[in-house]
Each structure stands twice: as C-alpha cells, then as structure tokens.
There are 2 protein chains.
Amino acid sequence: MRFGEKSVIQDEDRLETVNTDWMHKYRGSSKLLLQPRSTEEVAQILNYCNSRCLAVVPQGGNTGLVGGSVPVFDEVIVNVGSMNNIISFDTVSGILVCEAGCILENLISFLDNQGFIMPLDLGAKGSCQIGGNVSTNAGGLRLVRYGSLHGNVLGLEAVLANGDVLDMLGTLRKDNTGYDLKHLFIGSEGSLGIVTKVSILTPPKLSSVNIAFLACRDYSSCQKLLMEAKRKMGEILSAFEFLDIEAMDLVLNHLDGVRNPLPAPMHNFYVLIETTGSDESYDREKLEAFLLSSMEGGLISDGVLAQDINQASSFWRIREGVPEALMKAGAVYKYDLSLPVERMYDLVDDMRTRLGDSARVVGYGHLGDGNLHLNVSAPQYDDKILEQIEPYVYEWTSKHRGSISAEHGLGLMKANKIYYSKSPETVKTMGSIKKLLDPNGILNPYKVLPHSLDS
Amino acid sequence: MRFGEKSVIQDEDRLETVNTDWMHKYRGSSKLLLQPRSTEEVAQILNYCNSRCLAVVPQGGNTGLVGGSVPVFDEVIVNVGSMNNIISFDTVSGILVCEAGCILENLISFLDNQGFIMPLDLGAKGSCQIGGNVSTNAGGLRLVRYGSLHGNVLGLEAVLANGDVLDMLGTLRKDNTGYDLKHLFIGSEGSLGIVTKVSILTPPKLSSVNIAFLACRDYSSCQKLLMEAKRKMGEILSAFEFLDIEAMDLVLNHLDGVRNPLPAPMHNFYVLIETTGSDESYDREKLEAFLLSSMEGGLISDGVLAQDINQASSFWRIREGVPEALMKAGAVYKYDLSLPVERMYDLVDDMRTRLGDSARVVGYGHLGDGNLHLNVSAPQYDDKILEQIEPYVYEWTSKHRGSISAEHGLGLMKANKIYYSKSPETVKTMGSIKKLLDPNGILNPYKVLPHSLDS
C-alpha cells in the first residue's frame, strides 16, 4: 500500500474521533486515518512511521471506556477494521483463526452456525473487534465460566513498532517452546505492537440455559451463596451477578417496562445466577435442588426461576440495565474495581458513610469474578463530590490489594494511576519492555504507562 | 543469609545432581547448592551472583525431562525447596497463595481438606514443586478441563537476575492495569527470573467421578467421539485420553496384574473418558446416554463403565502404565508433541512406514488437548534408528505447525530445536527480552534459547 491510496482517508471531519465513554471526555484531532487491509500493510505503515518518529494510535471498534483508542494530539490512527476475514475454523478442536478487525458479534454468529460460542461476550459486541478485545484483555459476562483471554487465546500475530511481524499464530492448546510472548500483547492496549490476527479456543454451544433471580438479606449471604453455587453446580455455572438495593431501585424507577420479579418488600441484595449445560432436565433439576437447599439454609430470602426465554431476558435486563438507569438518574462517577470478594462490599459501605446525603452509592457487578462496579450517582457533577471519591477509592482499593481497573484497562484516563495496583519495580520493568519493543515510543503514546517513566 | 551459613551445603557428593529423565542424560558438577528460606535470601544470592557473573540454575523438585533444572558445568544451584509455606487460602474465591517450594502433592492434600483441588495434576506430584510447575508451565491430566497455568495462575513473585523483586502476587481474577508481566515467568524455565511465590485459582472439589474405557475402530472414530463428548458432556468432561493397539499390547504384556477390561479381539484404538461433576446420578446418566448413542452411531466398538473405584483405578493404570511398559520393553525414543488433532495420528502412521520392522511405533496421549506422546520402541539404542526418527519427526511437526514440546519444555535438550516451532523474529524477540532482564546471562544458561543467539 502506498500512502494516498484508497485506504487512506483524508477527510478531516471524519477524523475527529470520539470514543463512546460516559463523559465523552476524549477527543483528539488526528489528520490521518489509515485502514490497512493486510498484515503487510500494517507492517509498512509502522515501519514508515517508526523511521520518522510519527506517533500511531491502533484502533479497533473504538468502544473502550478509558480513552485508549483515541488520539491525544495529532497521532496517525491505524484502524484494523478492514482486516475482517475469518481464516479458518477447526470443528474438531473448536479453534478459530481470524483477522483482528472481525467484529465480535459476527464471530458469535459464525460460530453459532458451527455449534460453538465465543469464550467472551460483551455489551459492545455489535461494534467491538476481536483485535481490540485481545489488546485490552476484555472480560465480560462469560469469564466466570471460561476464564480470561490469557487462557483462551492460543496464538496471535502482532506487528512491532519497527514493522517486524511476530508470527505467534499457533493453534495448539499446549506449546512449551520458549517464552510465550503472545501474553505481552494481550492487555497492553496496543502500546507494544498491533495485533493483526488471533487464534482462539471456542467452547461448544451447550443447549440448556437456566436463569434464577434471587434475593439475599445481606452481603454475607451473597458470598456464601457463591461458594455453595460453585460447589454444587460448579460445572454448569455460567454467571453469578449481583446488584444492591440502590441499583435495583434505580432500575425500577428509571427504565420503562422493567418490573421486580419478586414481590415487595425490597431486599438488600439481588443475585442473578445462570447455568449452561448439555441437558435441560438434569441441569434444571440441579439448579432447583440448589435453590431449595439455599432457601432452607436461609441464604436466599426469595427467588424465582425463569420459565421461558422472555422471563430470562427480563432478568438479564435488570442486571444489564443498571448503567442506563444510572445515566438517566443524573451525573455518575464510575469505577471498575477488582477486590477480594469478602471485602468487596465494605468499600460501598465506607463510601456511603463518607458521602452521606450528597450522593447515592450504588454497588453491582460480576460477583463471581470479584469485580465490583462502584457507581456514585448525584444530581449534577460537582468537584466537591469528586474530591470525596478520589483518590479515596483508589487508595482503599490499593490498601486491599485490589485492581483499580478490573476489565476496562488504563488507557489515557488511568495511566498515571498505575501505582495504586502495581509495584514500582513492576512498572519499571514494564517501562523497560516498552522501551525495548518500541524505542521511539510511537505506539499509543500517553497511554497505559505513567508519564513519569518518560522522563 | 550469609554465605557459609546453614543454608549452604558444601558436601560435593551431594551436589552431583542428576535429573530423573528417561536416559539419565544430564549430569552437572556444581560445587554449590544453596537453599534459601525467603525471597530476600533469593534476592541476595542473585544480586551477589549477578555482580560477579556467576551462573545460577534455579531448581525445584528436579523432575523435568529435558535437563532444564540440572547444571551443565559448575553453575550454582539455587533450590527453593525450603520455601514451602502456604501463605493464605481464601475459601470464598478458592485462591491459594504459597511459596514456590511447596510440593504439588502437599498442596493437593491441603486443598482436599478445604474441599478444593489443584487445577493441575501430574505423575511427578510427589516431588515436583509449584514454582517448578509454574516455571515450566506444566500441563498434565486436568488441562482439558481447567486449562493451562497461564489461565489459572493469578499472580506471582519473581526475583530478577539482579536481585530486584517483582511483586506481582495479585489474588484477583481480573486486573487490567498495565502489562501482565507474570506470563513472562510462566514457562520460561527459570531463565528470566526465579519464581518465589505463587497465587493460583483452585476449583472446588466435585464429588462425582465416572470413568469409561472404550474401543474404537479407527482414529477418525476417536476424533468424532471427542467432538461428541465435548458437545454432549462438555461441562463434566475431565479427561479424554487415548492409546493405540501397540501401546495396549505393551501394557498387557509388560505390566503385572493389568488385564484388558474389554473381551478379545484387540481393537485398533482405546479411549479413556473421565467425567467430574457435582451430582452422581445425573452425571452417570449423562455419560451412559452418551455411550449408548455413540455405540448406536458406530463410533464405539465396545466399552465398559467403571463400577467402583478399584475398576476406575485399573482403567487409569492402563493409560498411565504406558511409559513404564515402554521402559520394560527395551530402548525407547520419546517425543512430546502438540499437533492439530485431525492430523495427529498421521505422524504415527508415517513413522511406521519409515521405520518398517526395525522398531515399534507407539502413539498415545492427551487427545483432548491435541498432545501426542510418540514413542519408538526398539530392542536397543541404535544410531541408525535415531537417524530415521530425527530430524524427520521435528520437520514433520514443524510442517504441520505443531509444537516439538507440548508440555515438557525445551531445557537443555531442545534449546537448539526451538526454530522448528517458533519463527526467527519471535526467537529474536525472546533473545532481546532475555538480554534485557538478565544482561549477564547468569540465569539457567544454555537452556531454552538457542546457543546461536549468544553470538
């Protein structure tokens, strides 16, 4: 590809790329968007930019929440969306090989026809791309069952800053020959190389899905219920989500057509459990037996099992509707934290004490993964509220050895906050690896690593 | 710790460390074995050795098969076996944190009392250590169910060559804050740092285990059976192992007390399927229904379901007895290969054609993971036979994008064979990362990476 050809778009109006985060905070003014159609073109672009020290922003579906895929100044955008071919699928092993620009939902549809599923599923599946998913180590709804992309990605191809192509596109479940370098590119947000192809292990589609919506008296019961669910249904458990009374109240008051599946009064906590297995009757009986014993043991105060797909969707609508309800309720401060499960909700309680009547504190998320979405809702944005929240929330998380970004990444927004979750020696080593693989610092500058490392 | 104290053993007779591989091929003559009792001591040792350019061999249980944990010349051995404390266990999340020297079997026993299991299990569990397991990315019998250590290890602490301690000992399932550097230390065989502590996600122990021993007419039926098993019992499948008629014949003829659970005549292939779930009756019914439909569909020629734990053990004894039977049968050339499942057995057929009557070619292994243990059995070791096997077997594997070391690592034995499975650009990048993290090359020299990189 030569510059100036079809794949280079020079209409400046189209280049002011804005990402879809909650505050529309990130807006660059790149003058050049490149859409390579092959690995070789990506290699040529990077080789050219590297030799001239031109900064580059790798971009997939641009659905990230921390400004990782948006130019900060006038970086060249390299969008891999045109590289969207499925290269191969092995129906015996379930191994899919495809280009980085494949949209997640398209892969899900393709696999559905083959009787398989993707090991990850996200709200943004309609526009996010697999290369971006891998580059940000996207989490999502199926992690509790299938684990992270570090376990599911079997291989990848990446182009380094200097244009060298690393072919690590293995399709093997086991390969202990040398350092497993692909992991460097999983979750490094395009700052070490551009992922161009991915090989991923996909699980077979199982036919039987059951969903229960439950109420618990306190957080301790939610925790015990999680332990019991893992023990008694570990092999079929595919989601264990929770929301607190504040989240439930917001959903019921702000979303049209949503009703509480459980009769009044309101409970302090609600839990959504999903099971996925191969046999409808056995799996349902297993879930029913589990619910019965949990009810008898006092872990559940009330609960209902979805009778059909519509009711199942209505349960998911409650859990997935929390962010939308928060948006409608006013200003919202959002935090995506990993914490040890047993201490997770203490932060919500502490934050309530701290903020008093000035704001509502809402806790919900992927309890099965120890991932809390902490949200603070207020009538309008107010620096005084923000000062009450930050850096307190980061310090609290750090003190309990949590992660200040469970699944969203650091991007531009949190690059300088990395020390809350990583030790200075570890960050220093990250910096030296960045310097090794991208000595001119052209790949996604100002992102992921703290600015202090540059000096 | 000061040198010369208790933790330094200077009895030279004890230092001629021999590993337990099949040919007792690797034997160094180290004059110094150090047994640090803490991370700080490991850091002091490495800092001292690095400043004086003294080479070091990190060592765990010393059970590897490729000479990775044995000194080649007079390297200082740093054995972490005295660092064997369990630091914490969280019964809600199942997250175990322990020191690197913990013996795998001791961890298994500890977890058993808590109602959990380790996500990996190996024949060498009685002496191998978790630090060594992580450093070699050990595979084993449970990988088909729980995946690799890249997915299960949540964090680790490692000491770099210069003595810097990297604290990456997170206990979180999700943490997207910067590069996930722990993966560099998983499977790099102690050549980038010494793993001193490990945090690992352990699954709950499930009560119901069922085992079936089956016969198939041809390899194609084994493959189809695997596909069906994943689809119909994916959530409870915990092992899918196979052995061919040659392996079965060796076991029956060389191991005392082993008998064929299926009536004569012999079949071309045998498959062992294990399921693990939470409910005895449901799981057994699921397996029985699967076996019935597979029998009706012609995928299975014959089969038997273990009626009790003794019969279950006798089935495992057949599969696990293959290496011992091979040893008793004479000389044996062993290869641990990953290959695309659909082509895997073609190599066994090709090798038979190639070797003719000069040797017996035996194929068995973890079919569910695409991991073939190819063994050639001959009356005695013979260079002519070896010349027929190598480099043919490596070239064949390379041509089909397989791995020449699925789970054993490269160590000393295969360091120079890395290019059969990894591209030159990738190996070059491995070399630059080695140089970055261990500029004096003190950590496990002559291992993992090819000698050509040193020049």
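Per-chain numbering applies: the sequence of each chain, read as written, is numbered from 1 onward. By the order in which they are written, chains take letters starting at A while ligands take numbers starting at 1. Restriction of local features to residues with pLDDT of at least 70 applies here, the model being predicted, together with a cutoff of 80 or more for giving and counting side-chain atom pairs; totals for whole chains, interfaces and linings are based on all residues. The basis for every side-chain value is the complete set of non-hydrogen atoms in the structure, without hydrogens or water.

In the annotation of an unreviewed UniProt entry, chain A is listed under the name D-2-hydroxyglutarate dehydrogenase and assigned to Hibiscus syriacus. UniProt positions are given in the numbering used here, feature names are shortened, and annotations may be inferred rather than shown by experiment. Chain A has a UniProt comment under Sequence similarities (unreviewed entry) that states "Belongs to the FAD-binding oxidoreductase/transferase type 4 family." Comment text from UniProt for chain A, heading Catalytic activity (unreviewed entry), reads "(R)-2-hydroxyglutarate + A = 2-oxoglutarate + AH2".

Caption draft 1: The sheet that holds strand S11 (residues 237–244) of chain A, seen in detail. Residue and element names in this part refer to chain A. Paired strands are those between which DSSP finds at least two bridges. Here a strand is any run of E in DSSP of at least two residues, a helix any run of H or I of at least four, and the numbering for each starts at the N terminus. Spatial strand order, S13-S10-S12-S11-S15-S16-S14: seven strands in an open sheet with antiparallel pairing. Pairing within the sheet leaves two strands with one partner each, and these edge strands are strand S13 (302–305) and strand S14 (331–338). Going from strand to strand, the sheet's axes swing by 15° on average, the running direction of each strand aside. Any two residues whose heavy atoms approach within 4.5 Å are treated as being in contact. For helices, the fitted line uses only the C-alpha atoms of the stretch in contact; every axis is such a line through C-alpha atoms, and the angle between N-to-C directions lies from 0 to 180 degrees. Contacting strand S10 (208–216), strand S12 (269–277) and S13, helix H9 (residues 280–296) crosses the sheet at an angle of about 10° to S10. Set on the sheet, helix H14 (residues 392–399) makes contact with S14 and strand S16 (371–378); between it and S14 the angle comes to about 15°.

Caption draft 2: Local environment of the sheet that holds strand S8 (residues 165–168) of chain B. Residues and elements named next belong to chain B. The strand order S5-S6-S9-S7-S8 describes an open sheet built from five strands, whose pairing is antiparallel. Of all strands in the sheet, those bounded by a partner on one side alone are strand S5 (86–90) and S8. Averaged over neighbouring strand pairs, the angle between their axes works out to 10° when direction is ignored. Across four bridges, the pairing between S5 and strand S6 (residues 95–99) is antiparallel. Residue pairing across strands places Ile-86 opposite Cys-98, the latter belonging to S6.

Caption draft 3: Summary view of the interface of chain B and chain A. Listed as interface residues are 94 residues of chain B and, on the opposing side, 94 residues of chain A. Buried surface at the junction of chain B and chain A, summed over both partners, amounts to about 7400 Å²; 55% is from carbon and sulfur atoms. Counted as salt bridges are all cases of a side-chain nitrogen of Lys or Arg within 4 Å of a carboxyl oxygen of Asp or Glu. Joining chain B to chain A, the criterion identifies twelve salt bridges. A salt bridge links Asp-369 of chain B to Lys-174 of chain A; its shortest N-O distance comes to 3.6 Å. Think of a polar contact as two N or O atoms within 3.5 Å of one another; within protein, one of them needs to be a possible hydrogen donor and the other a possible acceptor, and neighboring residues in sequence only count if both atoms come from side chains. Our enumeration of links across chain B and chain A arrives at 48 residue pairs in polar contact (both at pLDDT 80 or more). When residues of the side of chain B that touches chain A are traced back to their parent elements, those giving at least two are helix H4 (143–146), helix H5 (149–152), S8, helix H6 (182–185), helix H7 (219–233), helix H9 (280–296), helix H12 (341–355) and helix H15 (424–437) of chain B. The element best represented in the side of chain B that touches chain A is H15 of chain B, accounting for ten residues. Charged means Asp, Glu, Lys or Arg here, nonpolar means Ala, Val, Leu, Ile, Met, Phe, Trp, Tyr, Cys or Pro, and polar covers whatever is left, Gly included. Considered class by class, the residues forming the side of chain B that touches chain A number 33 nonpolar, 36 polar and 25 charged. Accessible-area loss on putting two parts together, using a 1.4 Å probe and summing over both, is the definition of buried area adopted here.

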